[in-house]
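Structural description and commentary
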Amino acid sequence: MSDNIVDLPVPGAEKRSRNTGYELAASDSKTKRVKRRLTSRTATVIALIIAVVWTIPTFGLFISSFRPEEEIKTTGWWTILQNPGFTLDNYKEVLFSSSASAPQLGQYFVNSLAITIPATIFPLVLATMAAYAFAWMRFKWSGALFVLIFALQVVPLQMALIPLLQMFSAFLLPAQEQLHDLVPIIPAETYAPVWIAHTIFALPLAIFLLHNFMSEIPGELIEAARVDGASHGQIFFRIAIPLALPAIASVAIFQFIWVWNDLLVALIFSGGTPDVAPLTQRLAEMTGSRGQEWQRLTAAAFVSMVIPLLVFLGLQRYFVRGLLAGSSKG
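Residues numbered from 1 in each chain as written. Predicted model: local features only at pLDDT ≥ 70, side-chain atom pairs only at ≥ 80, totals over all residues. Heavy atoms only, no water.

Looking at the overall build of the protein
Threshold: A helix here means a DSSP run of H or I that spans at least four residues, while a strand means a run of E at least two residues long, and both kinds are numbered starting from the N terminus. Partly exposed residues are those whose accessible area sits between 20% and 50% of the maximum for their type, while under 20% is buried and over 50% is exposed, using a 1.4 Å probe and protein chains only. The criterion used for residue contact is that any of the two residues' heavy atoms lie within 4.5 Å. Note that accessible areas follow from Shrake-Rupley with a 1.4 Å probe, and for residues the cover is restricted to the protein chains shown.
Of the regular secondary structure elements, the protein holds 15 helices and zero strands. Counting only residues that meet the buried cut, the protein has 34% of its 330 residues in that class. For the protein, restricting intrachain contacts to residue pairs at least 6 apart in sequence, the fraction spanning at least 24 positions comes to 72%. Summed over all atoms, the accessible surface of the protein reaches about 20,900 Å², with 68% contributed by carbon and sulfur.

This is the structure we're talking about:
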């Protein structure tokens, strides 16, 4: 009897197959069209022009940071061939000088690292967990809560500075002082206010971006893991994080560069003291009212660019994958 079994056609199967074929062909055609436009000669020329224009100021800053004081104040960096002269004194002054009038960037450099690294890790961890919860965990009011978090991006950062500072002054600073009294080795002024402020300001956008990526993980993969008995924690660490690593790296780069270059938030919540003040504050102090220490400013500015540049180069391949993720969809 088994040899006489005839497979009956499933209603609508042929139509669904045909529609799927049309969708795949349309997607492939769109991808090829976009790729052709982005790799055309005109696009390449435009990209090169933008790259050159974007790089010229940085190149000028780099050249100026090695020029002597008298040369940098009397001639432009573009006259380097007509007025040659290079020195390392500018970097020695900003990094190793013990003079009270020198920038002495060493302590501020450490402060910036101590502020930026935790202020990048904290929101990234919280945003990744929240993004997974909104994407794959069903709970009451999840949609309304996600809309509320998305709406927080509309609130200007400056509007939240004074209320947040009042809250810190009423609750966080007294707690720090009490902790210092109990354990004197812990300083009274810490980086905690700056960490919390940057984490609060970064969470709405980070959750929104990571949620969009998390929601694109195939549902069949999540369901298969659930059928095999995996908990949400196991799915999160073994499936969601590895697949979302490019997006996580992209958000980490943006957050690191934002916090490293920030002056307003750190200046308000750190108190401006040298013990916890970031590198950007010292650069602002060096600028003064007229920017007279130009030779030091160029060297100090280029020193401040080194760490973000290394972070970007180290995570570049993840960054590109995160930007291109989902570009072939639609």
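Quick look at the nonpolar core
Quick note on the threshold: Put simply, a nonpolar core is a bunch of buried Ala, Val, Leu, Ile, Met, Phe, Trp, Tyr and Cys residues held in one set by side-chain atoms that sit within 4.5 Å of each other.
Of all hydrophobic cores here, the largest spans 29 residues; its most connected members are Y132, I207, L210, M214 and I235. Residue assignment for this core shows that the elements contributing at least two residues are α5 (105-136), α6 (142-151), α8 (192-214), α9 (219-227), α10 (232-243) and α11 (245-261). Broken down by element, the residue count for this core peaks at eight residues, all from α5. The residues touching Y132, leaving out its near neighbours within four places in the chain, are M137, M214, H232, I235, F236 and A240. Among the nonpolar cores identified, the runner-up in size contains 17 residues, and A277, L297, F302 and I307 belong to it.

Quick look at the packing of α11 against helix α14 (residues 294-314)
As a reminder, the rule being used: Lines are fitted to the C-alpha atoms to define the axes, a helix being fitted only along its stretch in contact, and any angle between axes, read from their N-to-C directions, falls within 0 to 180 degrees. Convention used here: angles under 35 degrees read as roughly parallel, angles over 145 as roughly antiparallel, angles from 65 to 115 as roughly perpendicular, and any remaining angle as oblique. Three residue categories are used. Nonpolar comprises Ala, Val, Leu, Ile, Met, Phe, Trp, Tyr, Cys and Pro, charged comprises Asp, Glu, Lys and Arg, and polar comprises the others, including Gly.
Direction vectors running N to C along α11 and α14 enclose 175°, while the axes themselves pass 10 Å from each other. One element, α11, and the other, α14, form an angle in the roughly antiparallel class. Seen from α11, the contacting residues are I253, F256, I257 and W260; seen from α14, they are S304, I307, P308, V311 and F312. Grouping the constituent residues of the contact of α11 with α14 by class yields eight nonpolar, one polar and no charged.

Structural notes on the side chain of S65
Note the cut-off: In the analysis that follows, any N or O atom pair within 3.5 Å is treated as a polar contact, provided that within protein one partner can donate a hydrogen and the other can accept it, and provided that, for residues neighboring in sequence, both atoms belong to side chains.
Mapped onto the elements, S65 comes out in the loop between α2 (41-64) and α3 (69-74). In this structure the side chain of S65 is engaged in a polar contact, spanning 2.8 Å, whose partner is the side chain of Y91. Once residues within four sequence positions are removed from consideration, S65 is found in contact with T87, N90, Y91, T298 and A299.

Concerning the pattern of salt bridges
Spelled out, the test is: A pair is scored as a salt bridge if a Lys or Arg side-chain nitrogen falls within 4 Å of a carboxyl oxygen belonging to Asp or Glu.
Here the structure, examined in full by the defined rule, presents two salt bridges. A salt bridge links E71 to R67; its shortest N-O distance comes to 3.6 Å. Residues R296 and E93 are paired through a salt bridge, measuring 2.8 Å at the closest nitrogen-oxygen approach. Here E93 lies in helix α4 (residues 89-96) and R296 lies in helix α14, a separation of 203 residues in the sequence.

As for α14
Threshold: Expected helix span is computed as 1.5 Å times (number of residues minus one). The angle between axes fitted to the seven residues ending at a residue and the seven residues starting there is what we call the bend at that residue.
Between the first and last C-alpha of α14 there are 31 Å, a value that for 21 residues agrees with the 30 Å anticipated at 1.5 Å per step. In α14, a bend of some 25° at V306 exceeds every other bend along the element, and P308, a proline, comes one to four places later.

Here we look at a nonpolar patch on the surface
Short version of the rule: Exposure above 30% relative accessible area and the lack of any salt bridge qualify a residue for a patch; like charges then connect within 9 Å, and the nonpolar side chains Val, Leu, Ile, Met, Phe, Trp and Tyr within 5 Å.
On the surface, I117, I121, F122, V125, L126 and M129 cluster together into a nonpolar patch covering about 500 Å² of accessible area. With respect to the helices and strands, the residue I117 is situated in helix α5.

Section: unusual backbone geometry
Among all residues except glycine, the phi angle is most often negative; among peptide bonds, the trans geometry is most common. Positive phi values are uncommon outside glycine, yet W141 reaches one of about 65°. For W141, the position within the fold is in the loop between α5 and α6.

Some details on the packing of aromatic side chains
The condition that has to hold: Aromatic rings from Phe, Tyr and Trp, with only the six-membered ring used for Trp, were paired whenever their centres fell within 6.5 Å, and each pair was classed as stacked if the ring planes differed by under 30 degrees, edge-to-face if by over 60, and tilted otherwise.
What the rule picks out here adds up to 15 aromatic pairs. For the pair F66 and Y91, a centre-to-centre distance of 5.0 Å together with 40° between the ring planes defines the contact as tilted. Of this pair, F66 sits in the loop between α2 and α3 while Y91 sits in helix α4, placing them 25 residues apart in sequence. Ring plane angle 45° and centroid distance 4.8 Å describe the contact between F150 and F208, whose orientation is recorded as tilted. With F150 in helix α6 and F208 in helix α8, the pair connects residues that are 58 residues apart, well separated along the chain. According to the relative accessible area criterion, F150 is partly exposed, its value standing at 39%. For F208, a relative accessible area of 23% corresponds to the partly exposed category. Feature note: the residues F62, F66, Y91 and F302 constitute an aromatic cluster, connected by ring pairs.

This is a description of form; function is not addressed.
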